[in-house]
Amino acid sequence: MAIRVVLVDDQVLVRTGFRMILDETEGIEVVGEAGDGAAAVEVSARTRPDVVLMDVRMPGVDGITATERIRALSPAPRVIILTTFDLDDYLFAGLRAGASGFLLKDTLADDLIAAVRVVASGEAVTAPTATRRLIAHYVAAPAAGPARADHRLDPLTAREREVLTLIARGLSNAEIAESLRVSEGTVKTHIGRILAKLGLRDRIQAVILGYECGLVTP
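Residues numbered from 1 in each chain as written. Predicted model: local features only at pLDDT ≥ 70, side-chain atom pairs only at ≥ 80, totals over all residues. Heavy atoms only, no water.

The protein carries the name DNA-binding NarL/FixJ family response regulator in an unreviewed UniProt entry, which gives Actinoplanes lobatus as its organism.

This is the structure in structure tokens:
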């Protein structure tokens, strides 16, 4: 089945450009557009997309608030934040709101298509260098020394903590499997347990928590 996408941006030309790229791509279907956050929530609830491409700076309801509301839908679409700058003050808030990553508006067509497919599959959206750099920029590093004791990590086994550390470093499932010499299926099982135990929505929140707890430092 085709990946269903909703485009959200207050600039019609931006939406038109993305639609032209995605409409010509096999396996991807644009099912709706919106020019502000409120309309984005309505369109997403009505069309049930797999992925929403979301601008952050819009009049009325902004992209951050819209992302929170869209991620609360059931089933919850995945959200990719769109921005003009690669270190925008709004982006970290967007990731916290449940977005799966971000793209620059001038991204290449192939990169846009790849991002939509990766996010739709639920795979490693934290792998791109830009996303890791963004997180490192906004999450305060520990003062010094090894990872600090953090009770939020208490439910994890030693192996799960090790997997969380590798997730926070931006490794994909395949890279984690190779590093630990286990199967990708085993990695997916560990990740599922980590997210469940820590009450996290997805990998991006796991990355943020890894930085906050000092498992990885910027």
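Having seen the model, we can carry on.
Visitor: How should the sheet that holds strand β5 (residues 101-104) be read in this particular structure?
Guide: Here we have 5 strands laid out as an open sheet, ordered β2-β1-β3-β4-β5, and parallel in their pairing. The sheet is open, and its two edges are formed by β2 (28-34) and β5, each paired on a single side. Averaged over all adjacent pairs, the angle separating strand axes in this sheet is 25°, with direction ignored. One ladder, built from 4 bridges, connects strand β4 (residues 78-83) with β5; its direction is parallel. When the bridges of β5 are listed, I80 appears paired with G101. (Pairing = 2+ DSSP bridges. Helix = DSSP H or I, 4+ residues; strand = E, 2+ residues; numbered from the N terminus. Axes fitted to C-alpha atoms, helices over the stretch in contact; angles between N-to-C directions.)

Visitor: Would you explain the packing of helix α7 (residues 158-168) against helix α9 (residues 184-198) in this entry?
Guide: When two helices pack together, you describe them by how their axes are tilted relative to each other and by the distance separating the axes. The interhelical angle for the contact between α7 and α9, taken along N-to-C directions, is 95°, at an axis separation of 10 Å. Classed by the angle they form, the pair α7 and α9 counts as roughly perpendicular. Contact with α7, carried on its side by R159, E160, V163, L164 and I167, involves H190, I191, R193, I194, K197 and L198 of α9 and no other residues of that element. Along the lines of polarity and charge, the residues of the contact of α7 with α9 split into 6 nonpolar, 1 polar and 4 charged. (Parallel < 35°, antiparallel > 145°, perpendicular 65-115°, else oblique. Contact = heavy atoms within 4.5 Å. Nonpolar A, V, L, I, M, F, W, Y, C, P; charged D, E, K, R; others polar.)

Visitor: Can you walk me through the packing of α7 against helix α8 (residues 173-180) in this structure?
Guide: In contact at an axis separation of 10 Å, α7 and α8 are set at 130° when each is read in the N-to-C sense. Overall, the two elements α7 and α8 adopt an arrangement that is oblique. Of the two elements, α7 crosses α8, and the hand of that crossing is right-handed. Contact residues: α7 offers R159, E162, V163, L166 and I167, while α8 offers I176, S179 and L180. The residue inventory of the contact of α7 with α8, partitioned by class, reads 5 nonpolar, 1 polar and 2 charged. (Left-handed = near helix turned anticlockwise from the far one by under 90°.)

Visitor: I would appreciate a short explanation of the side chain of E160 in the present structure.
Guide: Assignment of secondary structure puts E160 in helix α7. Not counting residues up to four positions away in its chain, the partners in contact with E160 are P155, H190, R193, I194 and K197.

Visitor: I tried to follow α7 on my own but got confused; where do I start?
Guide: One full turn of an α-helix is made of 3.6 residues, so residues set three or four places apart face in the same direction. Residues of α7 that are buried include every one of E160, V163, L164, T165, L166, I167 and A168, and no others. Buried residues along α7 sit against α8, α9 and α10 (203-212). (Buried < 20%, exposed > 50% of the residue type's maximum accessible area, 1.4 Å probe, protein only.)

Visitor: So what exactly am I meant to see when it comes to the pairing of strand β3 (residues 51-55) here?
Guide: A regular strand carries its side chains on alternate faces of the sheet. Within β3, 5 of the 5 residues are buried, leaving the element largely enclosed by the surrounding structure. Neither face of β3 is open: one carries V51, L53 and D55, the other V52 and M54, and all of them are buried. In the sheet, strand β1 (residues 3-8) pairs with β3 via 4 bridges, with the strands oriented parallel. The partner of L7 across the bridge, within β3, is L53. Bridge count between β3 and β4: 5 bridges; the pairing is parallel.

Visitor: Would you mind going over the UniProt feature "modified residue: 4-aspartylphosphate" (unreviewed entry) in the protein with me for this structure?
Guide: Taking the numbering used here, the UniProt-annotated feature "modified residue: 4-aspartylphosphate" (unreviewed entry) corresponds to D55. With respect to the helices and strands, D55 occurs in strand β3. In contact with D55, not counting residues within four places along its chain, are V8, D9, D10, G63, L82 and K105. (UniProt positions renumbered as here; feature names shortened; annotations may be inferred.)

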